[in-house]
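In case you want the letters, here they are:
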Amino acid sequence: MRHALLLFFALSLPAEEWIVAPDGNDQWSGKQLTPNATKTDGPFATLARAQVAVRAASTTDLRIVTVRGGRYELTAPLVFIPEDSGTAQHPVTWRGAHGETPVISGGVRLSGFQRDANARWTLTIPAVKNGEWTFRQLWVNGERRYRPRLPKDGYHFIDAELPASDAAQGKGFDRFRYRAGDLDPAWRNQRDIEVLTFHQWAMSRFRIQSIDPAARTVQFTGRTIANADWSGLKTGWRYLVENVAEAFGSPGEWYLDPQSGVLTYIPMPGEDLATAEIIAPRTEQLLRIDGDPAKGRFVEHLTLSDLTFAHTQWTLKPEGYSFYQAEMVIPATVVATGLRDSHIAGCAIIHTGGYGMELGAGCKRNTITSCLFTDLSAGGIKIGDGGVNKDEAQVTSHINVNHCLITNGGRVHPAGIGVWIGQSHDNSVTNCEIADFYYSALSLGWTWGYGPSHGHHNTVAWCHLHHLGQGVLSDMGGIYNLGVSPGTTFHGNHIHDVESFSYGGWGLYTDEGSSGVTMTNNLVHHTTSSGFHQHYGKDNVLRNNIFAYGQEAQVMRTRDENHLSFTLEGNILLARGTPLLGSNWNGDLSKFALNRNVYWDEDGSVDFAGKSLKEWQLQKEIDADSVVADPQFTDPARGDFSLKPGSPALKLGFEPLDPTKAGVRASSTTGVLKKWRGDMTGSLSKRAFPPKPLPPPPSAILDTFEETPVGQKAVGAVTSVDPAVSAATILVVAGSAATGTHSLRFIDAPGQRNGFDPHLYYEPRFAAGMIEGRFALRVEPNAVLIHEWRTPGHPYHTGPSLRVDGDGRVTAAGKELLRIPTDRWVSFAITTGLGPEANGTWTLAVTLPDAMQAQVFASLPCSRDFRALGWYGFVSDATQVASFSIDDLSVGPER
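Residues numbered from 1 in each chain as written. Predicted model: local features only at pLDDT ≥ 70, side-chain atom pairs only at ≥ 80, totals over all residues. Heavy atoms only, no water.

**A look at unusual backbone geometry**
For the peptide bond that leads from Leu-150 to Pro-151, omega is -5°, which places it in the cis range. Following Asp-757, the chain continues into Pro-758 via a peptide bond in cis, with omega recorded as 0°. As for its position among the elements, Pro-758 is in the loop between strand E66 (742–748) and strand E67 (759–762). A positive phi angle, near 55°, is found at His-457, a position not held by glycine. (Helix = DSSP H or I, 4+ residues; strand = E, 2+ residues; numbered from the N terminus.)

Now the structure itself:
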């Protein structure tokens, strides 16, 4: 409303106005809405001509460009520079005509299609055949259409991880072994085929260099962004194959042959060739606002209203694409640098090749209100950049995003964010609805750990954030925060239906180093992990929130540090047969503060990290005024979390929440947002990526390390080492082995951030029957090996667990079982039951060198809740330089 009043006041001042219309002419005056009868005067035809007129006009008048309804195809972006600025008294306004929809498009409407004998629509495009143009997106009648993919349903799975090629060694990963039949070296146009590999919180997009059918290996032209486990190409991880000509054949699919230049489209039922609008993109950006904050040159006092920007391109480089997180390097349709004191209202950015809008370096005091962002290849809005800039003039700040609908994101780049805020401060995102993404709705901060950060005093309030993740990526939150963030607040938000692929589907997520964040009055429910999770951070506060129906827990905490991580006070935690508090609750009152909370489990079993409330209160000296009691929600199963008058939470001072205030208010749905909102809010578009697959079948593990080159990591395992301590490694070595010539050597070193590094684990996924794990061990002085079996997920339950020290002591269940010789190979075999066979015990058999029989230790105790094997790991737990080696490793059904 404030913006509308300012605009009304401004337009009441003396103004000069120009009109742009599809039937205009740049030789005319641009002063009339329509051409005159003699066609000698009328509106301009192009935005560029109007820009020339605005620059030439007096800056003492208001300058207004009114764009009439219709399509305006751009072959290059419109560029605003400081000379296109207005002043505080006389802003420059570019607006859509009232009641009309001008579409500024980076696409080309294709015509001349023919129907072939198979009822397919075909069009030869000379610019494609000549190598002058290609495109990877297509829209038919306003809907995104996709290229052919394999498999047709679900995902392919990597058969085996491979060491990186020499070119990628130590930098990333660039090949893997595929399962028989999944890839075909006979596919044509092979360099135009793309392989989409899913990691943990990101997806890479590769071009194929070669396929070796004998070895079943695929080599890519590029590599993943990092040489880290989270960006690996690991055994069992998912991938898709896109743009395969031989897979073409389903309604709605299209294929562009780069050799012939022929575009072929298979129409959906009811689509008519005579009336169909088919648009292909050719321009990556449509509007660039180019200030130069480093030189003190800004674009200021500019208003854009009721304009639609659509159909932008994204080009895949020859080496493919891979990035760390959030796709924040993907370009946007509208990009601003050095934009200040400006307003964008009632606009739509749709059908994009990347992000919708970017407010980059030096943008300050701008408002984005009542805008629509939908059908986004990546995310919605980016604010700031990734660098910590010492020059405050170049730091982005004071951006207000309000009453915007941001939906249907990540259509090409699934890690795109609804609103991404990097090294930027004093921004607010209020009363927005962000839905239908494959990763987080909001991401704030861009510093990992406690280092310097501009991400402070940001606000996310009264937003409705829902249907996120959708089983595609992991490690996400409705609101994700990163780094030191004093003064940042999240309040009044309604977050629900956050579904990760594996771990990490959280509502509120304070990740590495998040500090000084206050979270109040949020309603968070139905998440695959928990309503709130803190990886690590300091002095965060959670008050008056509701956390309900987390599938792993309601509140989770990971790293234990020597300071107050967070205060959880005056909240309601509601479970349905899952823990209230999950993961790591080590430490005491100095590490976390809990009080005046209401805890309840609808299944009736309430515990606190395995303790009763009374035991918890006595041991931890916390939660003194908390209660275990039914909070008396009206109908939580149907999403009604209002409290009945007799609720015990009200007696503790809980202030009732009103989630109807979250999201875009009806009074703010004006212009283009009002037109689109009724069809889009609360609904999900056609999926761009398959849903979460069923759990893969159990996979036996057998590795003698003979096929892995020396100096490489173990294939098929997750290897964790501290990158800052190069001396600590887990690599295959030659010369010492139980059998053959290769073994896997662990080398520990002091100074690592995590005491449990280096470590390695496999994910065998057995859930029933008698399971046997075997390995040979050569332990050296000063070494400490911990070998452990765990259930999948968090919190986990521990099964068989043993410790071997450098002096040869073998310990399990708190007792020393035997001593083994050091610097000699010793065989270990562990057997236990899973599923119906589980009974909370396991058996260890140890065969010493030259022994004819094993020493057997039966009925060793473990958790009675250990009923499935999802984590099979080896940890080096030494505190000094030490090493041990393993060989002949196997896990599978008992022989």
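**Looking at the nonpolar core**
Formed by 121 residues in total, the largest nonpolar core has its most connected members in Trp-94, Phe-373, Leu-442 and Phe-689. Counting 45 residues, the second largest nonpolar core, distinct from the first, contains Phe-705, Ala-714, Ala-812 and Ile-830. (Core = buried A, V, L, I, M, F, W, Y, C linked by side-chain atoms within 4.5 Å. Buried < 20%, exposed > 50% of the residue type's maximum accessible area, 1.4 Å probe, protein only.)

**As for the pairing of strand E21 (residues 262–265)**
Pairing of strand E9 (residues 121–124) with E21 involves four bridges; the strand directions are antiparallel. Bridge assignment links Thr-122 to a residue of E21, and that residue is Thr-264. Two elements, strand E20 (residues 254–256) and E21, share three bridges in a ladder whose sense is antiparallel. In the sheet register, Tyr-255 faces E21, and the bridge partner there is Thr-264. Count of turn residues in the E20/E21 antiparallel hairpin: five residues, of which Gly-261 carries a positive phi of about 75°. (Pairing = 2+ DSSP bridges.)

**What about helix H2 (residues 47–56)?**
Quick reminder: α-helices carry 3.6 residues per turn. Residues three or four places apart thus point the same way. Turning to H2, its buried residues number three or more, namely Leu-47, Ala-50, Gln-51, Ala-53 and Val-54. Looking straight down H2, one finds that the buried residues subtend no more than 165° of arc, so they occupy a single side. For H2, the exposed residues lying more than 90 degrees away from the buried face are Val-52 and Ala-56. Where H2 is buried, its residues touch strand E1 (15–20), strand E2 (62–67), strand E4 (78–80), strand E5 (92–96) and strand E6 (102–105). (Arc of directions from axis to C-beta. Contact = heavy atoms within 4.5 Å.)

**Some words on the pattern of salt bridges**
Opposite charge on two side chains allows them to pair when their charged atoms are near. A complete count under the given rule lists 45 salt bridges for this structure. Close ionic contact of Glu-816 with Arg-819 constitutes a salt bridge, the shortest N to O distance being 3.2 Å. We classify Glu-816 as partly exposed; its relative accessible area is 45%. You can call Arg-819 partly exposed: its relative accessible area is 49%. One salt-bridge network, held together by shared partners, links Arg-136, Arg-147, Arg-149, Glu-194, Arg-205 and Glu-242. (Salt bridge = Lys/Arg side-chain N within 4 Å of Asp/Glu carboxyl O.)

**A word on the sheet that holds strand E64 (residues 718–720)**
Strand order in the open sheet made by the seven strands is E64-E67-E76-E69-E70-E71-E72, with antiparallel pairing throughout. Pairing within the sheet leaves two strands with one partner each, and these edge strands are E64 and strand E72 (815–819). Recorded for the sheet is a direction-independent mean angle of 15° between the axes of neighbouring strands. Relative to E72, strand E71 (residues 809–812) runs antiparallel, the two sharing four bridges. Paired with Arg-809 across the strands is Arg-819, a residue of E72. (Axes fitted to C-alpha atoms, helices over the stretch in contact; angles between N-to-C directions.)

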